[in-house]
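Listed below are the residues making up each chain.
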Amino acid sequence: MSMQDVINSIEQRYPHQPEFIQAVKEVASTIQVVYDRDPNFAKYKVFERLTEPDRIISFRINWEDDEGNIQINRGWRVQFSNAIGPYKGGIRFHPTVNESILKFLGFEQIFKNALTGLPMGGAKGGSDFNPEDKSDNEIRRFCYAFIRELYHYIGQDMDVPAGDIGVSGKEVSYMFAMYKNLSHEYTGVLTGKGVGFGGSLCRSEATGYGAVYFLQNMLKARNDNIEGKTVLVSGAGNVAVHAAEKALALGAKVITLSDSKGTLYDELGFTQEKIDWVKQQKAARRPLFEYHREFGGLWIPGAKPWQFDGDIAIPCATQNEVTEEDARSMFEHGIRYVVEGANMPLDADAIDYVRAKKMHYAPGKAANAGGVAVSGLEMSQNSVRQYRTFEDVDQQLQIIMRNIHDDAAAAAAEYGFNCDECIDYMSGANIAGYNRVANALIAYGILN
Ligand code: NDP
Ligand code: 2IT
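Conventions we followed
Residues numbered from 1 in each chain as written. Chains lettered and ligands numbered in written order. Predicted model: local features only at pLDDT ≥ 70, side-chain atom pairs only at ≥ 80, totals over all residues. Heavy atoms only, no water. Near = heavy atom within 4 Å. Polar contact = N/O pair within 3.5 Å; in protein donor to acceptor, adjacent residues only side chain to side chain. Areas by Shrake-Rupley, 256 points an atom, 1.4 Å probe, with all protein chains shown as cover. Helix = DSSP H or I, 4+ residues; strand = E, 2+ residues; numbered from the N terminus. Nonpolar A, V, L, I, M, F, W, Y, C, P; charged D, E, K, R; others polar. Core = buried A, V, L, I, M, F, W, Y, C linked by side-chain atoms within 4.5 Å. Buried < 20%, exposed > 50% of the residue type's maximum accessible area, 1.4 Å probe, protein only. Axes fitted to C-alpha atoms, helices over the stretch in contact; angles between N-to-C directions. Parallel < 35°, antiparallel > 145°, perpendicular 65-115°, else oblique. Left-handed = near helix turned anticlockwise from the far one by under 90°. Contact = heavy atoms within 4.5 Å. Disulfide = S-S within 2.5 Å. Phe/Tyr/Trp six-rings, centres within 6.5 Å; stacked < 30°, edge-to-face > 60°. Salt bridge = Lys/Arg side-chain N within 4 Å of Asp/Glu carboxyl O. Arc of directions from axis to C-beta.

Participant: Lay out the site of ligand 2 with the relevant residues and their values.
Facilitator: Taken together, 14 residues sit near ligand 2, with Lys88, Lys112, Asp164, Arg203 and Ser375 positioned nearest. Contacts to ligand 2 include Lys112, whose side-chain N or O atom sits 2.8 Å from an oxygen atom. Here Asn343 contributes a side-chain N or O atom positioned 3.0 Å from an oxygen atom of ligand 2. Burial of ligand 2 by the protein chains amounts to 94% of its free accessible area of 300 Å². Elements represented by at least two residues in the shell around ligand 2 include exactly strand E3 (87–93), helix H5 (99–115) and helix H15 (370–384). Considered class by class, the residues forming the shell around ligand 2 number 2 nonpolar, 7 polar and 5 charged.

Here it is in structure tokens:
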């Protein structure tokens, strides 16, 4: 079966899963050469196996709102592959969550986790629960109810969830508490817990910081550096604020953040004080437009950040937020580096556009792997019952991001994907991640 046959068959089986098909096609487009080199990949049907999850657990969550009404949501855990370690990946609470989105995220997670060099398989979970309009008590009750259902399918050596959109340290801590309560055991079954009762220092910073460390390596490869560069960031959540914070600390000027309601533009650049204000505002679920009253700047309702001049774009909100038109606008406003803080923020046409223009493009599975990497470090700290310092974890994160950069660049070079002016990080990351998992599958024979 050729790679195209596999895609055709997935399109037939899952016509209503566009995000999943998009993610599979992106990987398939770059690993054909690897497949062709080793006949075992076809013989062992490695790609066919990797594109079908080991299992999907789907369940109903009943919970009680503040008025005493019974509410019902749907929940899933997509356990994609545990070929190289326990299933590992975040949990997303957002009204758009469905099987297609969780399958795309779980599929990406297989390769991302392999790239970290740590023993972690790929998974993703979540619910169509919308935390936005819920009280703190409702969120707590929902988190408890979610784990009451998922409890049987997770465990420190089986499947270790974490946060994602709509799930921060607060929600992870509630879920952890319910697991601990049901199991009568204290184990590192979830990562991103609060610091002081199992959570790793630097976990909440890790995804955003890691994306900027990856960017630093990209710039270094071209004898350049981040100092004095103008950066556009989208999103105002965990990944976005920490990417902005690290870019600022390293001497860049960050002029945008955004959320689902619009874009915040500050031509003077965000300071740490301003970023801290944004963090507090979002944590209290208050609107970003109030920024104007504190610091000036411009709030543009309904807009994305890609209409401003800059050097670097770091999209950190959600999948397919950057269309071809947005990518063109980036290019026309001077952007030459696009680093994906979010998962699959560029749609397929936007990816084609940035590659055609030879913009320096870092795919999410490489650039945002810092979060799950520090989750891996949290797992090992929980296992040996010791804590590492912030500086120690941050140092390790920098080493991991450098290794991911170098491994992706080396794989792209080995398979002839680079050109004079560019390193093809997309092909390199897919190949480096794929090889680690594929070799394990072949070693196992026909068992996963
Ligand atoms: P948060 O929930 O903390 O923040 C999400 C941000 O994105 C918010 O500003 C939110 O706006 C915005 N957003 C979400 N959905 C949409 C949408 N449909 N349209 C426009 N804006 C939207 O999530 P994270 O920062 O944790 O996650 C952001 C991205 O990074 C996701 O793609 C996630 O999968 C990825 N990621 C996260 C990691 C982590 O460790 N947390 C690790 C690796 C990747 P609003 O507040 O208005 O909803
Ligand atoms: O997309 C991701 O890598 C995450 N949401 C983090 C997963 C994790 O297990 O820390």
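Participant: Help me get a handle on the nonpolar core, residues and values and all.
Facilitator: Val46, Phe47, Phe107, Phe214, Val278, Ile314 and Tyr434 are the most contacted members of the largest nonpolar core, which totals 100 residues. The leading source of residues in this core is helix H17 (residues 425–444), at 10 residues. Core analysis: the next-biggest nonpolar cluster, separate from the first, contains 23 residues, Phe59, Val172, Met175 and Tyr179 among them.

Participant: Now, about the packing of helix H6 (residues 136–150) against helix H7 (residues 169–183): what can you tell me, with residues and values included?
Facilitator: Two elements in contact, H6 and H7, have axes whose closest approach is 8 Å; the angle formed by their N-to-C orientations is 45 degrees. The angle between H6 and H7 falls in the class oblique. Of the two elements, H6 crosses H7, and the hand of that crossing is right-handed. Only Lys170, Glu171, Tyr174, Met175, Met178, Tyr179 and Leu182 of H7 make contact with H6, whose side of the interface consists of Asp136, Ile139, Arg140, Cys143, Tyr144, Phe146, Ile147 and Arg148. Grouping the constituent residues of the contact of H6 with H7 by class yields 10 nonpolar, no polar and 5 charged.

Participant: Run through the state of the cysteines, naming residues and quoting values.
Facilitator: Tallied over the entire structure, the rule returns 1 disulfide. Note on cysteine connectivity: Cys419 is disulfide-linked to Cys422, with sulfurs 2.3 Å apart. Between Cys419 and Cys422 the disulfide shows an S-S torsion of about 135 degrees. By sign, it is right-handed. Sulfur of Cys202: no disulfide; nearest cysteine sulfur belongs to Cys316 and is 16 Å away.

Participant: For the site of ligand 1, give the residues involved together with the corresponding values.
Facilitator: Near ligand 1 there are 24 residues, and of these Asp164, Thr207, Ser260, Lys282 and Asn343 occur at the shortest range. Within the side chain of Ser260, a nitrogen or oxygen atom sits 2.5 Å from an oxygen atom of ligand 1. Here ligand 1 loses 81% of its free accessible area of 890 Å² to cover by the protein chains. By residue class, the composition of the shell around ligand 1 is 6 nonpolar, 12 polar and 6 charged.

Participant: Any details on the packing of aromatic side chains? Residues and values, ideally.
Facilitator: Working definition: an aromatic ring pair is given by the centre-to-centre distance plus the angle between the planes. Under the criterion given, the structure shown has 27 aromatic pairs. Ring geometry for Tyr35 and Tyr434: centres 6.4 Å apart, planes at 45 degrees, overall tilted. Within this pair, whereas Tyr35 is found in helix H2 (residues 18–37), its partner Tyr434 is found in helix H17, the two being separated by 399 residues in sequence. Tyr434 carries the same exposure label as Tyr35, and that label is buried. Both rings, one in Tyr144 and one in Tyr174, keep their centres 6.1 Å apart while their planes meet at 80 degrees; by these two values the pair is edge-to-face.

Participant: Please provide a residue-by-residue account of the pattern of salt bridges, values included.
Facilitator: Following the criterion strictly, the structure yields 26 salt bridges and no others. Residue Glu11 is joined to Lys25 by a salt bridge in which the shortest nitrogen-to-oxygen separation is 3.0 Å. Remark: Lys25 occurs in helix H2 and Glu11 occurs in helix H1 (residues 3–13); sequence separation between them is 14 residues. Classification of Glu11 as partly exposed rests on a relative accessible area of 29%.

Participant: Describe in detail helix H13 (residues 348–356), supporting the description with residues and values.
Facilitator: Think of an α-helix as turning once every 3.6 residues; residues three or four places apart then point the same way. Looking at H13, one finds that the buried residues are Ala350, Ile351, Tyr353 and Val354. For H13, the buried positions fall inside an angular range of 160 degrees around the axis, keeping them on one side. As for H13, its buried residues are in contact with H2, helix H12 (324–332), strand E11 (337–339), strand E12 (360–362) and H17. Immediately downstream of H13, the backbone of Lys358 shows phi near 55 degrees, a positive value.

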